[in-house]
Amino acid sequence: MLRAADVWFGYDPAAPVVRGVSLDVPPGGFLGILGPNGSGKTTLLRLLAGTRRPSRGHVTLDGADLSRVPRATISRRMAVVPQETQLAFDYTALEVVLMGRYPHLRAFEIEGPGDVAIARQSLEATGTRDLQDRLFSTLSGGEKQRVVIAAALAQIGQPGAAATSHAVLLLDEPTAALDLAYQLEVAALLRELQERLPIAIVVSTHDLNFAASLCRTIVLLTRGEVLASGAIDDVITPAGIRALYGVDAEVERRPLTGHLIVVPVARTGPRDSR
Amino acid sequence: MNRTIGRRVVVAVMGFGLLAVAALLLAPLAGSTSISLRRAFDPNIPFTDNVDAQIFFVARLPRTLAGALVGSALAAAGVVFQGLLRNPLATPFTLGVSAGAALGAMLALTFNWSFGWAGIAGAPLASFAGSLAAVGIVYSLARAKHHGLSTNVLLLAGVTLNSFFSALILFVQYFADFTETFRILRWLMGDLDVSSYRPLVTAAPLLLVSFAVFAWLARPLNLLSLGPDSAETHGLDVVRAQRAAFFSASLATGAAVSVGGPIGFIGIIIPHLVRLLVGSDHRVVLPASILVGAAFLIGCDVVARTIMAPLDLPVGVITALIGGPFFLWLLVRKA
Amino acid sequence: MTTTSLPWHARPKGRAYTCLVLWLAASGAGAAQVVVERPTRIICVVPAVTEMLFAIGAGPQVVGVSSFERFPPEATKLPTVGALLDPDTERILSLRPDLVVVYGSQTDLQSQLARAGIPVFVYSHAGLADVTLTLREIGARVGHSERAGRLAADIERRIAAVRARTAGQSQPRTLIVFGREPLSLRGIYASGGIGFVHDIVAAAGGANVFEDVRRQAVQATTEQILSRRPEVILELRAAALSPEMLKREMDVWRTLSAVPAVKAGRVHIIVDPRTVVPGPRVAEAVELIADILSPGR
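None of the values given here were measured: they were computed from a predicted structure.

What counts, and at which threshold
Residues numbered from 1 in each chain as written. Chains lettered and ligands numbered in written order. Predicted model: local features only at pLDDT ≥ 70, side-chain atom pairs only at ≥ 80, totals over all residues. Helix = DSSP H or I, 4+ residues; strand = E, 2+ residues; numbered from the N terminus. Buried ≥ 20, exposed ≤ 12 C-beta atoms within 10 Å, placed from the backbone. Rg over C-alpha atoms; globule rule 2.2 N^0.38 Å. Contact = placed C-beta atoms within 7 Å. Nonpolar A, V, L, I, M, F, W, Y, C, P; charged D, E, K, R; others polar. Axes fitted to C-alpha atoms, helices over the stretch in contact; angles between N-to-C directions. Parallel < 35°, antiparallel > 145°, perpendicular 65-115°, else oblique. pLDDT = per-residue confidence, 0-100. Core = buried A, V, L, I, M, F, W, Y, C linked by C-beta atoms within 7 Å. Pairing = 2+ DSSP bridges.

Undergrad: Would you mind showing me how to read the overall build of chain A here?
TA: When helices and strands are counted, chain A shows nine helices and twelve strands. Referenced to the eigenvectors of the C-alpha coordinate spread, the extents of chain A come out at roughly 60 × 45 × 35 Å. Evaluated residue by residue, chain A yields a buried proportion of 45% over its 274 residues.

Right, dumping it as structure tokens:
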């Protein structure tokens, strides 16, 4: 559904940050883009969201080249949850979520009861309904992240329809700024959303275990290039980890949760130098 | 604030609209002289003989309308610049527009440029031209080659332009003689005594255009406060919105400054005050700021011309005396 | 007390007196100041006083003038040394003056000259009466007291004559404008009840509408002008205007048509340095203005 075909991109054309990446997100898929800092994950996510145009290659949504689709149309099907959200002014949580409905409004149109209902449902879905009248800046890190996810859900929700089919949720390092408890919160939320709603989710992260516990397919990214991609069991192996991080690790499946878990043991050789 | 946005806008406009209308109606009744309203409105006395009528219709009414125009323009421009630069401390003068206007007026006043056009005298014209020049310079500096309008470069360019133009202003002042220097300083403090409807009639269409663009900008400004990347993923054409915000707010500021001089503090007090009362949604903040800004400046002008009669204080002094402490209070409150 | 053996400056009382005199001399005059009876190298930073010097015959003694010097023509040919805000101390010193006429507010220049041992004549301008007072003082200072005295008496006589003439007549309410923005009524800067311009108009038989404001200058708003109803408006300007510009500038006043001066067409734009320089030609200024205020008496 969302597909990148051999995309290249650099903020400075002489130094490409994403080199020849191809990936595929099927409807209802859960893709993890895994890589160390500086591997080009955020840029790749921007390319997938259509906010940057690849210098070579295409990004397509249902076969349509994103660079040709109007931004408003894209934003009705795809929402991005950034790593950190800092508001310039004091909005309430509900106002932030309602901003997710803006792509669905015409010029000068205001949110109708349907939009407000979707906003409330999204807050409900992320367990933040009782925070709706609180000022966003007064929320904790985890609460903020969940409200922003709610806003993204509201953005890709359709009025009146329970299902949000063929929509994509992109999250950029959703747990990077959070401590352990909030990380688990967000992970649980994403898992639940994945089960309940038929949306596709793409997560970029450097956190191995987070990716391992959630995603069905993985792309290993290093220095802008795809090192390996495929089903999670095939990619997250000691060999793959050694190649990606230069670290010896043990990979096992926890009986309690059924997730893969990676335990780093020791550094091997020098990491891929940047 | 569970009420829907539509209702909030209506309530704000009606409430603050009442305030603005009251200011407009009451201000011309106040002044350093007492006049007889009955005489002023007496149709039997020819206008050229009716001192009371002239005080009301030539001295006070244009002044009140100028206050409404300049106050609403600067307040709304303040809101838009704050949204564009994502900084609650931004003012309509941050990006150098008023420095350009001041330089233009300064040149006209110092070298006594006596040209007029469509009934507008040299100083306001030169002031407007100066503000356009400043806007042009700042914009061309800030236009990044690849992705859009960099607000950081915009800010740097504006601050640099402010310093540079201030230096030029000092340089020009050096060549002025006494009376000119005094007049220039007075102009810098703001003066709403237009004594004619012409400058208002000329500035009004410019403001209407700006306000129309502001109306369109309300939702984009909400999105811009999420950050330019997030705004983009919400479907906003960020570059187009930034450009529209920059030019419309600069136009409003340039028009306001050419009517009344660079009156400070309105562009920063009113947006903050309004946000305290109605929240941050620009769809409410913008119309509310326009109305509150008008009422506020009209009020300050009444104070300026009555508090130390027969001396007429510059209105910029009154806005500063009120604005300064208010701003300190805001900062203390936030800390 | 015995007074024989010790010289006077060694005796206790004498020592005290000596110290007192020395201290007075030092604080008053700085380093050994030589006071010349008839200075021959005078530098005058004040244009009004330069006019006075030339009027009393001290012209040949002047070697340096202000950069704003305009009258008499001989004075404009002399070297210039700056003005009120920017006096060029180096230039002044390089001309080797033996008397420098300075403004009262030029305290830095005064202390520099004191350190160099150059005598100064401090000028401060206030009202019309100070013109003849200064004339007499500078006359005495440069050795032309008799001529200065005669000129001062003549000025006083002429002004008194005008006063007498206009005393019996009605004194028209007068608005005195120093300046405003070109082609508009913004930033009108009028004379208050203090200052020699106000005094000139008062002597010429005019009643300043802003007499109650005890300041030299007032920012006049249109409301104030309308409510004070001047019968004559005098605009004093420094630079001449072309006839076309003159007409346009006069037309600007028509928005205030209820002002008696505008209705009666008694708006006068005066470009005459005699009205703005408190020099020896003030009597002429008073007569000129008296003629405007009560024509054909």
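Here the narrative resumes.
Undergrad: I would appreciate a short explanation of the overall build of chain B in the present structure.
TA: Looking only at helices and strands, chain B has 13 helices and zero strands in total. Starting at the N terminus, the α and β elements of chain B follow one another as α-α-α-α-α-α-α-α-α-α-α-α-α. Here the C-alpha atoms of chain B give a radius of gyration of 20 Å, agreeing with the 20 Å that 2.2 N^0.38 yields for 335 residues. Viewed in the frame of its principal axes, chain B has a C-alpha envelope of about 65 × 55 × 40 Å.

Undergrad: Explanation requested: the interface of chain B and chain C in the structure shown.
TA: The figure often quoted for interface size is the accessible area lost as the parts come together. Every contact between the two is made by 32 residues of chain B and, on the other side, 26 residues of chain C. Of all the secondary structure elements, the ones that give two or more residues to the side of chain B that touches chain C are helix H3 (51-85), helix H5 (122-142) and helix H7 (178-188) of chain B. With six residues, the top contributor of residues to the side of chain B that touches chain C is H3 of chain B. A class-by-class count of the residues in the side of chain B that touches chain C yields eleven nonpolar, 13 polar and eight charged.

Undergrad: Please clarify how the interface of chain A and chain B should be interpreted in this entry.
TA: With 25 residues of chain A at the interface, the matching set in chain B holds 24 residues. For the side of chain A that touches chain B, the secondary structure elements donating two or more residues are helix H2 (71-77), strand E6 (78-81) and helix H3 (93-99) of chain A. Ranked by residue count, the leading element in the side of chain A that touches chain B is H2 of chain A, at three residues. In terms of residue class, the side of chain A that touches chain B is built from 14 nonpolar, six polar and five charged.

Undergrad: Explain the packing of H3 of chain B against helix H11 (residues 266-278) of chain B to me, please; I cannot follow it from the model alone.
TA: The axes of two packed helices give the description: the angle between them and the distance between them. Residue and element names in this part refer to chain B. The interhelical angle for the contact between H3 and H11, taken along N-to-C directions, is 75°, at an axis separation of 8 Å. In this view, H3 runs roughly perpendicular relative to H11, as classed from their interaxial angle. Of the residues in H11, those touching H3 at Gly71, Leu74, Ala75, Ala77, Gly78, Val79 and Gln82 are Ile266, Gly267, Ile268, Ile270 and Pro271. Here the contact of H3 with H11 is composed, by residue class, of eight nonpolar, four polar and no charged.

Undergrad: Whenever I open this one, the confidence of the model for chain A confuses me. Can you help?
TA: For residues with low pLDDT, the predicted coordinates do not support detailed interpretation. Summary statistics for chain A give a mean pLDDT of 85 and a share of 95% for residues scoring 70 or more. Counting interchain partners and residues more than four positions distant, the pLDDT-below-50 stretch residues 160-164 of chain A has seven contacts.

Undergrad: Where do I start with the nonpolar core in this structure?
TA: Nonpolar side chains tend to gather and get buried jointly when the protein is soluble and globular. Residues Val97 and Leu170 of chain A together with Val80 of chain B are the most contacted members of the largest nonpolar core, which totals 178 residues. Grouped together as the second largest cluster of nonpolar side chains are 83 residues, Ala48, Val65, Phe196 and Val209 of chain C included.

Undergrad: Hey, could you run me through the sheet that holds strand E3 (residues 99-103) of chain C in this one?
TA: Each strand in a sheet pairs with another by means of backbone hydrogen bonds, the pair being arranged parallel or else antiparallel. Residues and elements named next belong to chain C. If you trace the four strands from one edge of the open sheet to the other, you get E2-E1-E3-E4, paired in parallel fashion. One side of each edge strand has no neighbouring strand; the edge strands of this open sheet are strand E2 (62-65) and strand E4 (120-123). Pairwise comparison of adjacent strand axes, ignoring direction, gives a mean angle of 20° for this sheet. Sheet topology places strand E1 (residues 42-44) next to E2; three bridges connect them, and they run parallel. Residue pairing in the sheet places Ile42 in a bridge with Val62 of E2. Its contacts with the sheet put helix H2 (residues 47-55) on E1, E2, E3 and E4, and the angle it makes with E1 is roughly 140°.

Undergrad: What is the right way to read the pairing of E6 of chain A from this model?
TA: Two faces belong to every sheet, and in a regular strand the side chains alternate between them. All names here are of chain A. Residue alternation in E6 divides its side chains into two sets, Met78 and Val80 and Ala79 and Val81, and both sets are buried. Sheet topology places E6 next to strand E7 (residues 168-172); four bridges connect them, and they run parallel. Each bridged residue has a counterpart across the sheet, and for Val80 the counterpart in E7 is Leu170.

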